[in-house]
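Overview (structure and organization)
These are the residues of each chain, in order.
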Amino acid sequence: MTIARPSHRRQWRALVGGVLITVLLAGCSSPVTPNTKASAIASTLPGPWDWPSYGHDAQHTFHGRTTLTEASARRLKVAWFFPTGDAVTATPTVVGGTVYVGSWDNKFYALDLETGAVRWKFQLSAQDAVTPYPGEQPRDSSSDGGLVTSSAWYQPGDGTRPALVLFGGGYTLYALDAATGALYWRHDYTGRPGQPPDPAKDGTRIFSSPVVVGNKVLFGVDVDGQRQSAGYIAAADLATGQPVWEFQTDVDSAGRVLDDGCGNVWSSGTVLPGSGLVVFDTADCNFTDTEPLAEAVVALHIDDGKLAWVYRPHPRNLACDWDFGATVNAGIDAQGNATFVGAGAKDGTYYSLNPATGHLRWATNVVFGGFSGGFIASTAYDGHRVYGTTAIGDFGKFEKDVQVLCDPADPRDTPRQQPTVHTFDAASGAIAWQVNGSPSFSATSVAGGMTFNGPSLGGDVLQVRDAQSGHLVDTVAVPGPIWSGVAIVGDALVTGIGSSYTAHPSGVAVVTPGGKPPVVAP
């Protein structure tokens, strides 16, 4: 079934020969030390100690390399903190000793990993329909994100163009020169195609973090319930930012675009290079789950954007807020063939799917989920286990100042739900261990036999746990709340600071043993 806006399509030829090279490049070169000049950094491939994209790689494993041990992790302290004008919830990208990240203050930054010094910064276009915006009074503390929630993808130069960092800022997709911060291109992907961009009224966001395959930049678009708008998945031309194809997710059973504010895509595209597929998951916006692609996992052919398969766990549910928002994890073998595909949903269930067909392999439920519960944050996968956190619970939906639950008859449907930290056997779905009391909106990362996550409640801390047992290795004090994931680079943990509740403190923090300058490679 091809689902499209015919008036906004154009023909093109696929260039898929570089798929496997692109998605595996993060482990193909030698490390670059933090004091390398920016021009040299930007001309190299990411090294094996770098964190070049959201989730570390195009399979969104959130599995990196570290020189940290449990002993050195117990000595973690803040090495430096760079303050920004508002929250940083995008997970930082780190390549060649440079930290790349955007902020809700409408700026994108390149910082020196060793010192936190600014290498360059870029002013993004304002879009005040996205809240909170800089200086907004009163602040919209109910928002799930300001202008930049999208982590950057680092794309090496190829001799014809410079190395780029690609990310979303509101409805605009940006490509910046990684060495200088100069604008390479920008393109608006609004929720109202065919109409002029309207930054004061259109709250559409590229919540998704881009992924590059060959000559295509793949990402999702979220219109967040805005009427006369529709969410979708898109591929942009790497050279120009112009649209190559769109796959419409806000459709009826006949494939007609509904423009009712639904079909939202928060997740980032996970690449299965051997089959030429990219996998996203989708949300819902009206608690009815009646649209055929709502609250679903969808696999698309990268070359033309056509649907390969779709998985929906519970069509027409109990008017519950059981979106998919967390990004899909995948495992691949040396030939690029997918061996594992899985994703957590706001229904508190992690689903493992057959990568070729989308058929269910196993599903393990850990909490009821709901409005502010279940797997909102993305999970990590290390080839053997899946690690992740669930959020608060069925809290936040009010009518006439009264808390509304999805299913009051179910004793598990509560505003706060336990346990909150979960680990699954990737082959069977069996629960390996769980922990109470650490709900989180932040993606989990794993490296060196440890997991890393910032809980959303319980103080301004970063938690380090033993991946085998769940034992708390250390609780590291940081300058403010963590709604960002953690990039792991050598002996350093790099994370954003800030939340919707307050504009300050906000920024980027780097944590190392003893608070000493980061050491990227042994």
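Provided above is the structure to which this section pertains.
What comes next concerns the included structure. (Residues numbered from 1 in each chain as written. Predicted model: local features only at pLDDT ≥ 70, side-chain atom pairs only at ≥ 80, totals over all residues. Heavy atoms only, no water.)

Things to note about the overall build of the protein
Secondary structure assignment for the protein yields three helices and 34 strands. Evaluated residue by residue, the protein yields a buried proportion of 61% over its 522 residues. Counting every atom, the protein has about 17900 Å² of accessible surface; 53% of that belongs to carbon and sulfur. (Helix = DSSP H or I, 4+ residues; strand = E, 2+ residues; numbered from the N terminus. Buried < 20%, exposed > 50% of the residue type's maximum accessible area, 1.4 Å probe, protein only. Areas by Shrake-Rupley, 256 points an atom, 1.4 Å probe, with all protein chains shown as cover.)

Re the sheet that holds strand 20 (residues 349-353)
With antiparallel pairing, the four strands of this open sheet are ordered in space as 18-19-20-21. A single partner strand is all that each edge strand has here, and the edge strands are strand 18 (329-332) and strand 21 (360-365). When strand polarity is set aside, the average angle formed by the axes of neighbouring strands in this sheet is 15 degrees. Pairing between strand 18 and strand 19 (residues 338-344): four bridges, direction antiparallel. Following the sheet pairing, A330 is matched in strand 19 by V341. (Pairing = 2+ DSSP bridges. Axes fitted to C-alpha atoms, helices over the stretch in contact; angles between N-to-C directions.)

With respect to the state of the cysteines
In this structure the tally under the stated criterion is one disulfide. Two residues share a disulfide in this structure: C320 and C406, whose sulfurs sit 1.5 Å from each other. Of the two residues, C320 sits in the loop between strand 17 (307-311) and strand 18 while C406 sits in the loop between strand 25 (402-403) and strand 26 (421-425), which places them 86 residues apart along the sequence. Residue classification places C406 among the buried residues on the basis of a relative accessible area of 18%. (Disulfide = S-S within 2.5 Å.)

Structural notes on the pattern of salt bridges
Inspection of every chain in the model, using the stated rule, returns nine salt bridges. In this structure, D188 and R186 form a salt bridge, with 3.0 Å as the shortest nitrogen-oxygen distance. (Salt bridge = Lys/Arg side-chain N within 4 Å of Asp/Glu carboxyl O.)

Remarks on the side chain of T93
Mapped onto the fold, T93 is located in strand 2 (residues 93-95). Of note is the side chain of T93, whose polar atom sits 2.6 Å from the backbone oxygen of A152. Those residues within four positions of T93 in sequence are excluded, and the remaining contacts are W51, P52, S53, T98, V99, Y100, A152 and Y154. (Polar contact = N/O pair within 3.5 Å; in protein donor to acceptor, adjacent residues only side chain to side chain. Contact = heavy atoms within 4.5 Å.)

A short note on the nonpolar core
Formed by 47 residues in total, the largest nonpolar core has its most connected members in F452, L462, V464 and L493. What L493 contacts, discounting residues up to four positions off in sequence, is L68, L76, F452, L462, V486, A487, I488, A509, V510 and V511. Listed in part, the 36 residues of the second largest apolar core include L173, Y189, V213 and F219. (Core = buried A, V, L, I, M, F, W, Y, C linked by side-chain atoms within 4.5 Å.)

As for the packing of aromatic side chains
According to the stated counting rule, one finds 20 aromatic pairs in the structure shown. Pairing F108 with W120 gives two aromatic rings, centres 6.0 Å apart and planes at 25 degrees, and the pair type is stacked. Of this pair, F108 sits in strand 4 (residues 107-112) while W120 is found in strand 5 (residues 118-123), placing the two residues twelve residues apart along the sequence. Take F108 and W120: they sit in the same class, and that class is buried. Lying over the aromatic face of W49, R65 brings its terminal NZ or CZ to 4.2 Å of the ring centre. Across the ring face of F371, the terminal group of K346 is positioned such that the distance to the ring centre comes to 5.9 Å. (Phe/Tyr/Trp six-rings, centres within 6.5 Å; stacked < 30°, edge-to-face > 60°. Lys NZ or Arg CZ within 6 Å of the ring centre and 35° of its normal.)

Concerning the pairing of strand 31 (residues 472-477)
Pairing of strand 30 (residues 461-466) with strand 31, which is carried by five bridges, proceeds in the antiparallel orientation. Pairing of V461 across the sheet is with A477, part of strand 31. Counting the residues that bridge the hairpin from strand 30 to strand 31 gives five residues, and of these G470 lies at a positive phi of roughly 85 degrees.

Re the sheet that holds strand 32 (residues 486-489)
Read from one edge of the open sheet, four strands run 1-34-33-32, paired in antiparallel fashion. Edge strands, defined here as strands with exactly one partner in the open sheet, are strand 1 (76-83) and strand 32. Taking the axes of each pair of neighbouring strands and ignoring which way they run, one obtains an average angle of 25 degrees across the sheet. With four bridges joining them, strand 32 and strand 33 (residues 492-497) adopt antiparallel strand pairing. Paired with V489 across the bridge in strand 33 is A492.

Notes on the pairing of strand 19
Of all seven residues in strand 19, five are buried; the element is thus mostly enclosed. What sits between the antiparallel neighbours strand 18 and strand 19 is a turn of five residues, in which G336 has the positive phi angle 90 degrees. Inspection of the sheet shows strand 19 paired to strand 20 by four bridges, in the antiparallel sense. When the bridges of strand 20 are listed, G342 appears paired with S352.

Focus: the side chain of R205
In this structure, R205 sits in the loop between strand 9 (183-188) and strand 10 (211-213). Leaving out residues up to four positions away in the same chain, R205 has contacts with V130, D144, G145, G146, T149, G170, Y171, V221, D222 and D224.

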